[in-house]
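Here is how the chains run, residue by residue.
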Amino acid sequence: MKLTVKILSSALLLLSACGGNPGTKTTGQNSEERFVDSVVSRLSLREKIGQLNQVTAGSIEDMEKLAGEGLMGSILNDVEPEHVNRFQKAAIESHSGIPVLISRDVIHGYKTIFPIPLGQAATFDTAIVRKGSEISAIEATADGIRWTFSPMIDIARDPRWGRIAEGYGEDPYLTSVMGAAAIRGYQGNGNLAKPTAIAACAKHFVGYGAATAGKDYNSTYIPLHQLHNVYLAPFEAAAKEGVQTYMSSFNDNDGVPSTGNKYILNDVLRGMWKFDGFVVSDWNSIGEMITHGFCADTKDAALKAITAGLDMDMVSNCYLDKLEELVKEGKISESLITERCKNVVRVKYRLGLFDNPYIVTKQDVKYAPEHLEAAQKTAEESAILIKNANNTLPFAANIKRILVTGPMADAPHDQLGTWVFDGEKSHTITPLKALQDNGNYQITYVPGLAYSRDNKTEGIAKAVAAAKNADVILFIGGEESILSGEAHSLANINLQGAQSQLLESLKKTGKPVVSVIMAGRPLTIRRDIDNCDAMIYMFHPGTMGGPALVNILSGKVNPSGKLPVTFPVSVGQVPVYYGKNMTGRPASGSETLLNDIPAEAGQTSLGCTSFHLDDGFYPLLPFGYGLSYTTFEYKDLKISGTSFSQGDVIRLTCKASNTGKVDGATVVQLYIRDMVGSIVRPVLELKDFRRVEIPAGQTVDVTFDLPVSRLEFFGLDNKFVLEPGKFSLWIAQDSNLKGALEGEFEIK
Ligand code: BGC
């Protein structure tokens with residue numbers, strides 16, 4: 001059987017190469033479809049259902065048996081090379097002859113761990129994100145993995161939600177381009193059949209990040225316009241990038257669980273976006289439609305999922321147990337199963353699995369020096385300088401004696417971040433280790449607290465005492481990795497344990513305090529910012545976080561990371577994000593706050609605006625924000641016209657200058673506002689950005705080519721439209737628009 005399948009696949013490829021249907025662009029696709037048809041037409045109904053079945057690791061014998069019966073379309077969580085090859089052999093020698101798709105959550109690295117995706121987004125550097133995914137794929141394929149459940153492109157505007165760590169933040173445009181870059185890297189830069197490429201999975205489809213109160217798995221209430229304009233946007237970009245798979249999300253939106261949602265799985269995905277890969281459920285999410293109260297039993301769940309458009313069942317067994325019965329009873333047609341099966345086989349074909357099902361093991365790629373180097377560069381670019389009073393950073397030449405303290409200074413497991421199944425902490429280089437290795441500093445290490453939630457305050461006095469002999473105090477705190485990620489949501493997002501107390505005591509010593517926060521989410525750190533002279537925020541930075549940080553502290557690297565998400569003053573402000581609507585009564589920023597209201601003040605609503613009496617209107621830190629060791633200035637905005645229409649590209653140019661004394665990188669951010677719409681448009685929308693390195697004292701030209709089509713939105717008539725009218729635009733250093741260049745144009 002193995003031989004038959006191989007010959008079939010190669011012969012059809014040959015046909016395609018010779019141009020079976022000369023001159024048409026669809027030649028390759030036709031040969032692909034002929035191959036898929038020929039494979040699927042030989043299958044029994046049960047074997048077709050088998051392709052829709054994904055199992056998790058179990059006993060090798062059981063798994064081998066299942067594969068041998070053609071009932072294991074895919075497996076997750078067994079990445080032992082010897083097992084992988086055994087499953088493949090059993091599958092290929094079975095009657096179906098279809099290789100198994102070996103899958104794994106390779107989320108921000110396989111062995112070499114990169115910063116968590118939220119940190120990757122902070123680089124505003126799509127090339128480095130693409131490179132990271134490419135490296136993840138190279139390492140993962142060495143163990144036979146050909147499919148990852150990444151990227152997660154859920155828009156997240158609530159830092160209580162632990163999974164905010166896994167995505168690219170709050171913004172649809174940033175998430176779209178970062179997601180697309182990750183997909184390109186995983187999928188071999190367009191050459192999926194390359195043995196070192198893996199299929200990507202755009203997840204979680206859709207709306208999962210809008211969970212009520214930030215509680216994981218919770219219901220969402222996203223109306224249609226917002227669904228299309230915000231939450232679906234990155235998923236459409238993924239389809240355009242050629243992502244091979246999607247994963248349906250756990251949540252119900254307005255009462256309909258995604259796994260049984262025909263509108264998103266069929267009408268949008270297959271209808272509007274012409275997607276021809278396959279959709280996998282999330283873990284047991286078919287079965288969970290019973291718990292939701294959406295399905296009566298497993299048969300009902302299988303029926304609702306398959307008819308909605310869900311191709312592969314992740315571990316619930318509902319498909320394997322019930323689909324055959326549903327066909328026999330005439331509730332669904334066999335041709336529906338055939339279509340779903342073809343979607344899966346098509347992806348396997350594209351991966352070249354029929355020709356190369358076995359692992360071509362290259363173990364020495366794991367933790368390869370160039371992989372570690374890329375991980376370090378990503379960590380460097382992801383670090384965000386939040387505060388730098390009196391140029392505390394980089395360390396001046398007279399800084400020799402450093403007191404290193406805080407629970408994340410030497411936490412090799414925790415700095416890796418969430419969703420690390422395969423990276424080993426023995427390879428992590430912590431800040432403490434990197435500082436000790438650096439050799440230029442005398443390091444005293446007093447942890448102060450044992451771990452991030454540690455409430456025991458005895459260690460604080462020791463740290464304070466040690467500060468006497470230090471030139472600078474380096475506090476490295478934040479969150480352990482287990483405090484973010486799946487099922488790890490928090491109601492309070494202050495620094496955990498006694499960390500704020502430690503920081504406060506350190507500040508009181510009068511020594512300069514540099515604080516580094518390593519976390520999986522934005523934390524409410526207003527008082528902590530006050531208790532230090534300089535602060536660097538690193539979303540969990542991965543294996544090479546230590547050396548990356550030391551390069552920044554020493555000035556070898558100038559920080560350039562920008563916030564991919566707004567930081568709230570308090571949890572009470574959440575959700576707080578820059579792309580909000582104006583409202584009829586926007587705050588002006590000069591509102592009377594709680595303590596300025598006189599006693600027995602009379603009730604009035606005249607002139608009142610939308611803000612909180614206690615925390616005001618502004619967030620703690622805006623989207624796009626991040627300082628540098630130098631300063632930048634933008635000038636000379638030019639727009640290629642005043643009025644444009646569909647099909648046009650608006651050319652915007654400006655000059656960006658590094659006005660300081662050291663080289664650095666700035667992220668030039670292009671925002672627009674559609675002034676009047678058939679539905680209210682956000683006060684600001686990021687439409688493009690450029691990360692540019694500029695030597696000290698120099699000026700560079702920056703050009704944006706903005707296709708007018710990017711101004712379309714899902715309007716009142718439930719269609720994407722380009723509406724005529726006035727637009728404002730800004731070229732800015734962050735979403736606060738301070739010092740931004742301003743312009744306007746019109747769409748006719
Ligand atoms: C998560 C997914 C993940 C899957 C497989 C689920 O619990 O929600 O993101 O890919 O498990 O591990």
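Check the entry above for the structure.
What counts, and at which threshold
- Residues numbered from 1 in each chain as written.
- Predicted model: local features only at pLDDT ≥ 70, side-chain atom pairs only at ≥ 80, totals over all residues.
- Heavy atoms only, no water.
- Helix = DSSP H or I, 4+ residues; strand = E, 2+ residues; numbered from the N terminus.
- Rg over C-alpha atoms; globule rule 2.2 N^0.38 Å.
- Contact = heavy atoms within 4.5 Å.
- Areas by Shrake-Rupley, 256 points an atom, 1.4 Å probe, with all protein chains shown as cover.
- Lys, Arg positive; Asp, Glu negative; His and termini not counted.
- Charge placed at Lys NZ, Arg CZ, Asp CG, Glu CD.
- Core = buried A, V, L, I, M, F, W, Y, C linked by side-chain atoms within 4.5 Å.
- Buried < 20%, exposed > 50% of the residue type's maximum accessible area, 1.4 Å probe, protein only.
- Axes fitted to C-alpha atoms, helices over the stretch in contact; angles between N-to-C directions.
- Parallel < 35°, antiparallel > 145°, perpendicular 65-115°, else oblique.
- Left-handed = near helix turned anticlockwise from the far one by under 90°.
- Nonpolar A, V, L, I, M, F, W, Y, C, P; charged D, E, K, R; others polar.
- Patch = residues over 30% accessible without salt bridge, like charges linked within 9 Å, V, L, I, M, F, W, Y side chains within 5 Å.
- Salt bridge = Lys/Arg side-chain N within 4 Å of Asp/Glu carboxyl O.

Asks: For the overall build of the chain, give the residues involved together with the corresponding values.
Replies: Looking only at helices and strands, one finds 21 helices and 26 strands in the chain. For the chain, whose C-alpha radius of gyration is 27 Å, the value lies close to the compact-globule estimate of 27 Å for 748 residues. For the chain, the spread of C-alpha atoms along the principal axes amounts to about 75 × 60 × 55 Å. Taking the intrachain contacts of the chain between residues at least 6 apart in sequence as the baseline, contacts between residues at least 24 apart amount to 76%. In the form shown here, the chain has an accessible surface area of approximately 28,100 Å², with 51% of it arising from carbon and sulfur atoms. Where the 73 positive side-chain charges of the chain centre and where its 84 negative ones centre are 3 Å apart.

Asks: Before we move on, can you summarise the nonpolar core with the specific residues and values?
Replies: Of all hydrophobic cores here, the largest spans 110 residues; its most connected members are F205, Y246 and L323. For this core, the leading source of residues is helix α8 (residues 172-186), giving 7 residues. In this view, Y246 contacts C201, A202, F205, F235, A238, A239, L269, W273, F275, F278, V279 and V280; residues no more than four positions away in its chain are not counted. Of all hydrophobic cores here, the second largest spans 47 residues; its members include A470, I517, M535 and L620.

Asks: Tell me about the packing of helix α16 (residues 369-382) against helix α21 (residues 545-554), residues and numbers included.
Replies: Each pair of packed helices gets described by two things: the angle between the helix axes and the distance between those axes. Two numbers describe how α16 lies on α21: the axes approach to 8 Å, and their chain directions differ by 50°. It follows from the interaxial angle that α16 and α21 lie oblique. With respect to the hand of their crossing, α16 and α21 are arranged in right-handed fashion. Mapping the contact onto sequence places Q376, A379 and E380 in α16 and P547, A548, N551 and I552 in α21. Along the lines of polarity and charge, the residues of the contact of α16 with α21 split into 4 nonpolar, 2 polar and 1 charged.

Asks: Which residues make up a nonpolar patch on the surface, and what values go with them?
Replies: Together, L593, L594, I597 and L613 line one region of the surface with nonpolar side chains, adding up to about 310 Å² of accessible area. Turning to its location among the elements, L594 is positioned in the loop between α21 and β17 (632-639). Note on L594: relative accessible area 45%, which makes it partly exposed.

Asks: How would you summarise the environment of M408 if you had to cite specific residues and measurements?
Replies: Take M408: it is sitting in the loop between β12 (401-405) and α17 (431-438). The exposure class assigned to M408 is buried, which follows from its relative accessible area of 0%. Taking the C-alpha atoms as reference points, M408 and L432, 24 residues apart in sequence, are found 9.2 Å from one another. In this structure, M408 is in contact with D414, Q415, P431, I476, G477, G478, E479, E480, M518 and H540, ignoring residues within four places of it in sequence.

Asks: Lay out unusual backbone geometry with the relevant residues and their values.
Replies: Between L393 and P394 the backbone carries a cis peptide bond, its omega angle lying at -10°. By the secondary structure assignment, P394 is in the loop between β11 (384-388) and β12. Here the bond from V574 into P575 is cis, since omega is 0°, no more than 30 degrees from zero. Its location among the elements puts P575 in the loop between α21 and β17. Positive phi values are uncommon outside glycine, yet L737 reaches one of about 65°.

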